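Per-entry structural report
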Amino acid sequence: MSDIGKKLDDIVHAILGPDGELVKQHGFKFNENQLSYALAMAAHFQKAQSDTDGKATLGALQAGTGTGKTIGYLVPMLAYVALTGKKGIVSTYTRALQSQVLKDASLLLPLVHELTGHFAVVRKRLGKQNYLSWSGINRMEDALEDGAPNSIEAKRTLRRMQSWLSERNDRGELVNSGIIADFAETEDDGQITPAIDMKLIELRSSDDPADHELYSRDVSLAKDADIVVVNHATLLVDAISWGCVLNTDLQEHDILVVDEADQLCSAAEMICNSDVSLFQAGRVVKAAEMTLGIKGTHESLKSLSEEAANLYSGAPIIALSANGKTAEAVKRLHTSAAAVSDLAERARKASKRKGLTDTEKEIFAEVGEVSVLMSEASRTIDAVDAALAMSWSPIKAYPSIRIGDSEPGRVMGKYWAGLAGEDGEKSTLLKSIVFTSATLGPPGKRLPEAFDEFLNSIGVYRINKSSKIHYSVCEELMAMYEPSQFGKMEFVLCDPSVPLPSLKEDDVVTRSPEWLAYTQTMIRKAHETGGRVLVLTVSYSDSALLKEGLADLADHIIVHERGARLADCAKQLVASERGILITPAGWEGLNLPGVLSHVVITRMPFMRPDSTSLMLMRLKLTRSLSERVIEAKVARRMLTAVKRRLTQGMGRLIRSELDQGCVWIADPRFPLPEAAVRSLHPVIFRAARRHAIATMVESIPTRFKYGPYDEARVLSLEGELVEFGE
């Protein structure tokens, strides 16, 4: 072990050990899993100081709820930057975890300082859309109609925003952060009135330069920090730009911890996959032409839309190719992209004129964005790693151009791509990267194979003899950590006679009335038992349908509607002792220790078969595989994703050691335990057909799989709880 390695281990033990500073100074309970996890992290960071022939070392560690994951990686990370003078990055998917990282870091910084003499600086870096803008406030004010509902309340909120943004201290420095979420905390109930359109008030690139003062300040401070905390979107943009977003120069950051790593590909899909609505593009182009006083480009887009209409045969998506029946569409796409590019260049030059209105600025910015997407689509035709498709909206069949990669997470590869230095030797942007999450590998698999699917999705392979690969995977340090005792969980499962949630007739999918009624009965039963209930749905429309049949519980129900902030709904739930929160967005990132008594999983959270990622996957695989093999691969991906999602959903219930409650599952596809299956009870015996998918049981955390799950009860169609003996 190197000298740095020994010092890292010593600091980890000094803070997290049985007699460590967290136990002595802060009354923490010693967590053996957390210590082991932190030592594994330290071993990874040590490799950043080792001679690895310029290669990046990549690691993967899974840590279930109760491991103390955040503090577990922050202790060795803070120690590393203190001992080496190097810098690090922490990336998370959710804003809630970002806040947790900063909170835990503030607790640990004095302890690391006592042991190293160095007081590290930790700062977060947020995207522009998280900041308030004076121009945005004006946009919102212009959008308000006098006499409209809540317009007076909205105007008062806007005045408070302006006052909050402009507050300065005696030295003339701005006092507040400018971050929308921070302003929300100053409101009476911690929420911004729904009358405010959040998209309008957020900072945009086209806003006045003075509006960027707070954002620019935070960017500057983050670049000087020892550890910068970012979200996955910012991290991916940094990777795409070869480290030029977060670094002031190459090689500045040494180590990276990607928390909530299982969501990395979801973030990459949003960054890398684009969807150009020809209807919206036409609207933007027409507005730009009218503003500039020119014509022609809109006609080109109209021609492309007409060809898209000719191609529509009822299928939601088709691949675009320069050959065959889509050749004419591709030809018109090239022509349209060139025309929009010329229009965008004129708009760019015109945007420098003085006296432009905010509307004109916005139009010019929008046509620039459309141009980028159209040009990207035009270039994607012959790309090997990407797919280009034409899709149509389900109701009015509006055409869109879809650009994307079925494995967008591979853009992370730029962090470990070999870059030649002045001496000709190759090195990487980062030296040590560790991916961690509570659900990194699919439930039911063993190491190291359990992490292969995730690693492959970001372009990493454990066994790869290519000389072009400039990374090494630390298989020997791969591990899964899960507490043996952490909270208590019970299960109430679905009556096997309940029909499947969906009905399909003439290609139209609807919800089964019988399943809806049964699920509403289950929600009532959970509510009657007492405590707060979290109801997890798979869509906002499902949430609305469930609410309709629960009018008797209207005083308790909180429905998370599209566009509303989940955090605001969660605050309402906490304020209500017997509240019921119905949401499709609470499967992950919702951290409510000591709050929930029940989690109701309404149905299995399968990916939509026509989701963008699966469609792109099919289109890409069509080039080399048979349809049977493609569908097998798609089914495997869907099953892995649903098991991971289920694990995350169940995890909302147990967020602290003392939490206890019940998971209710209203979908007959979740399997019953052996004791129930073998029972001769009428509830089991009467079921004409079984829909259970046996492997779904792998989604249950190990500590609850034996005992609590074996003793699961069933809610009968009649609303009675049925127990099964030996």
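First, a word on scope: everything that follows refers to the structure included in this document. (Residues numbered from 1 in each chain as written. Predicted model: local features only at pLDDT ≥ 70, side-chain atom pairs only at ≥ 80, totals over all residues. Heavy atoms only, no water.)

The number of helices and strands found in the protein is 25 helices and 24 strands. What you see for the protein is a C-alpha radius of gyration of 27 Å, in line with the 27 Å of a compact globule of 726 residues. Overall, the C-alpha framework of the protein stretches about 80 × 70 × 60 Å when taken along its three principal axes. Taken across its 726 residues, the protein has 52% of its residues classed as buried. In the protein, the share of contacts with a sequence separation of at least 24, taken over all contacts with a separation of at least 6, comes to 76%. As presented, the protein carries roughly 33600 Å² of accessible surface, and 50% of it is formed by carbon and sulfur atoms. (Helix = DSSP H or I, 4+ residues; strand = E, 2+ residues; numbered from the N terminus. Rg over C-alpha atoms; globule rule 2.2 N^0.38 Å. Buried < 20%, exposed > 50% of the residue type's maximum accessible area, 1.4 Å probe, protein only. Contact = heavy atoms within 4.5 Å. Areas by Shrake-Rupley, 256 points an atom, 1.4 Å probe, with all protein chains shown as cover.)

Let's shift gears to the packing of aromatic side chains. Counted under the stated rule, the structure contains 11 aromatic pairs. On the basis of an interplanar angle of 75 degrees and a centroid distance of 6.3 Å, the ring pair of Trp416 and Tyr471 is categorised as edge-to-face. Here Trp416, found in the loop between strand 9 (399–404) and strand 10 (419–420), pairs with Tyr471, found in strand 13 (residues 471–473); they are 55 residues apart in sequence, far enough to count as distant. The burial state of Trp416 is the same as that of Tyr471; both residues are buried. Ring geometry for Phe435 and Phe454: centres 5.4 Å apart, planes at 70 degrees, overall edge-to-face. A residue pair is termed long-range when its members are at least 10 positions apart, and Phe435 in strand 12 (residues 432–437) and Phe454 in helix 17 (residues 452–457) qualify at 19 residues. Across the pair, Phe454 and Phe435 agree in class, each one buried. (Phe/Tyr/Trp six-rings, centres within 6.5 Å; stacked < 30°, edge-to-face > 60°.)

This paragraph deals with the packing of helix 3 (residues 32–47) against helix 4 (residues 69–84). Contact geometry for helix 3 and helix 4: axes closest at 8 Å, N-to-C directions at 35 degrees. The element helix 3 and its partner helix 4 pack so that their crossing is right-handed. Counting all contacts with helix 3, which are made through Gln34, Tyr37, Ala38, Met41, Ala42 and Phe45, the residues of helix 4 involved are Lys69, Ile71, Gly72, Tyr73, Pro76, Met77 and Tyr80. The class makeup of the residues in the contact of helix 3 with helix 4 is 10 nonpolar, 2 polar and 1 charged. (Axes fitted to C-alpha atoms, helices over the stretch in contact; angles between N-to-C directions. Left-handed = near helix turned anticlockwise from the far one by under 90°. Nonpolar A, V, L, I, M, F, W, Y, C, P; charged D, E, K, R; others polar.)

Running from amino to carboxyl end, helix 14 (residues 297–311) crosses helix 15 (residues 327–350) at an angle of 155 degrees, the nearest separation of the two axes being 9 Å. The orientation of helix 14 with respect to helix 15, classified from their angle, is roughly antiparallel. As helix 14 packs across helix 15, the resulting crossing turns out to be left-handed. For the pair formed by helix 14 and helix 15, the contact residues are Thr297, Ser300, Leu301, Ser303, Leu304, Glu307 and Leu311 on the first element and Glu328, Ala329, Arg332, Leu333, Thr335, Ser336, Ala339, Val340 and Leu343 on the second. Along the lines of polarity and charge, the residues of the contact of helix 14 with helix 15 split into 8 nonpolar, 5 polar and 3 charged. (Parallel < 35°, antiparallel > 145°, perpendicular 65-115°, else oblique.)

Okay, the nonpolar core next. Core analysis: the largest hydrophobic core is formed by 44 residues, its most contacted members being Ile15, Leu16, Phe45 and Leu108. At the level of elements, helix 1 (3–16), helix 3, strand 1 (56–63), helix 4, helix 5 (95–116), strand 4 (227–231), strand 5 (253–258) and strand 14 (479–481) are the ones that each hand at least two residues to this core. Element by element, the count of residues in this core is highest for helix 4, at 10 residues. Phe45 has contacts with Leu8, Tyr73, Pro76, Met77, Tyr80, Ile255, Val257, Ser432 and Val434, leaving out every residue within four places of it along the chain. Of all hydrophobic cores here, the second largest spans 41 residues; its members include Ile558, Leu581, Leu590 and Ala676. (Core = buried A, V, L, I, M, F, W, Y, C linked by side-chain atoms within 4.5 Å.)

A word on the sheet that holds strand 19 (residues 557–559). What the 8 strands build is an open sheet, ordered 19-20-18-21-22-15-23-24; its pairing is mixed. Lying at the two open borders of the sheet, with one neighbouring strand each, are strand 19 and strand 24 (721–722). Summarising the sheet, strand 23 (residues 713–715) and strand 24 pair through 2 bridges and their orientation is antiparallel. Of the residues in strand 24, the one forming a bridge with Val714 is Val722. This element, helix 22 (residues 627–651), spans strand 15 (488–494), strand 18 (532–536), strand 21 (596–601) and strand 22 (660–665) of the sheet and lies at about 155 degrees to strand 21. (Pairing = 2+ DSSP bridges.)

A few words on the pattern of salt bridges. In the structure shown here, the tally under the stated rule is 27 salt bridges. The shortest N-O distance in the salt bridge between Glu490 and Arg713 comes to 3.5 Å. With a gap of 223 residues between them, Glu490 in strand 15 and Arg713 in strand 23 connect regions that are remote in the sequence. Using a relative accessible area of 45% as the deciding quantity, one classes Glu490 as partly exposed. Overall, the relative accessible area of 21% leaves Arg713 in the partly exposed class. Two residues, Arg669 and Asp667, come together in a salt bridge whose shortest N-O distance is 2.7 Å. (Salt bridge = Lys/Arg side-chain N within 4 Å of Asp/Glu carboxyl O.)

All right, on to the pairing of strand 15 then. Most of strand 15 sits out of view: 5 of its 7 residues are buried. One ladder, built from 5 bridges, connects strand 15 with strand 22; its direction is parallel. Residue pairing for strand 22: Lys488 is matched across the bridge by Gln660. In the sheet, strand 15 pairs with strand 23 via 3 bridges, with the strands oriented parallel. Along strand 23, the bridge assignment pairs Cys494 with Leu715.

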